[in-house]
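# Commentary on secondary and tertiary structure
Each chain is listed here by its residues.
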Amino acid sequence: MTWTSWAGPARRAFVAIVLVATVSLGLSACHHLSPPVGLGPCYESLPLAEGALDVPKASYVFHGVELVSPKILARLVKRRFPKNPSADYNPPAGINVCAFAFTGSFPAGQVAGAPSKVSGKAAIVLTTTDRKLLFSFVLAKLPVNFSRPFTGA
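I will try to describe carefully the structure that is included in this document. Note that the structure is a prediction, hence the values are computed from the model and not measured.

## A word on the state of the cysteines
Throughout the structure, instances matching the rule amount to 1 disulfide. Across the disulfide from Cys-42 sits Cys-98; the S-S distance is 2.0 Å. Looking down the S-S bond of the Cys-42 and Cys-98 bridge, the torsion is -90 degrees, so its handedness is left-handed. Of the two residues, Cys-42 is situated in helix H2 (residues 40-53) and Cys-98 in strand S2 (residues 97-106); the sequence distance between them amounts to 56 residues.

Structure follows, in structure tokens:
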């Protein structure tokens, strides 16, 4: 066998190995992505937010999270939900709030911290950056676009 007759198959094998290795490294890097900058404390609260839903994991979709200033949150809640008991929320000093957005089917009484008689297709679960559940809302649809999803969790 001459070098020229062997070079074609060897070259193809080499290219195939490099391609497989590159794809494998790329996929493994995707699996270990970190949360967007500044959302680390929210990332740690994702299991808490999902646990507040009290529905099977396959029945909802996580749409993202936003880090919210407690003062802005208190203003928004009072303006949007003035009759909700959460409208009297008094934010603690030095703690930020993570607002997690989910869509699915949320029957009345299934989302912890939400009014017990409300059902809907969207849920917003609010936690503190020190991993405490504040309260939740069940709505007909998400009021804003939550554009900061976590991936690779």
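Next, the rest of the story.
## With respect to the pattern of salt bridges
According to the stated counting rule, one finds 3 salt bridges in the structure shown. One salt bridge connects Glu-44 with Arg-131, and the closest N-O pair in it is separated by 2.6 Å. In this pair, Glu-44 is assigned in helix H2 and Arg-131 in the loop between strand S3 (120-128) and strand S4 (133-139), connecting sequence segments 87 residues apart. Measuring nitrogen to oxygen at the nearest pair gives 3.5 Å for the salt bridge that ties Glu-50 to Lys-57. We classify Lys-57 as exposed; its relative accessible area is 57%.

## Considering the sheet that holds strand S1 (residues 60-68)
In spatial order, the strands read S1-S2-S3-S4; together these 4 strands make up an open sheet with antiparallel pairing. Of all strands in the sheet, those with a lone pairing partner are S1 and S4, marking the two edges. When strand polarity is set aside, the average angle formed by the axes of neighbouring strands in this sheet is 20 degrees. With 8 bridges connecting them, S1 and S2 associate as antiparallel partners. In the strand pairing of S2, Leu-67 is matched with Cys-98. The strands that H2 touches are S1, S2, S3 and S4; relative to S2, the one it contacts most, it runs at about 35 degrees.

Scoring rules and cut-offs
Residues numbered from 1 in each chain as written. Predicted model: local features only at pLDDT ≥ 70, side-chain atom pairs only at ≥ 80, totals over all residues. Heavy atoms only, no water. Disulfide = S-S within 2.5 Å. Helix = DSSP H or I, 4+ residues; strand = E, 2+ residues; numbered from the N terminus. Salt bridge = Lys/Arg side-chain N within 4 Å of Asp/Glu carboxyl O. Buried < 20%, exposed > 50% of the residue type's maximum accessible area, 1.4 Å probe, protein only. Pairing = 2+ DSSP bridges. Axes fitted to C-alpha atoms, helices over the stretch in contact; angles between N-to-C directions. Contact = heavy atoms within 4.5 Å.

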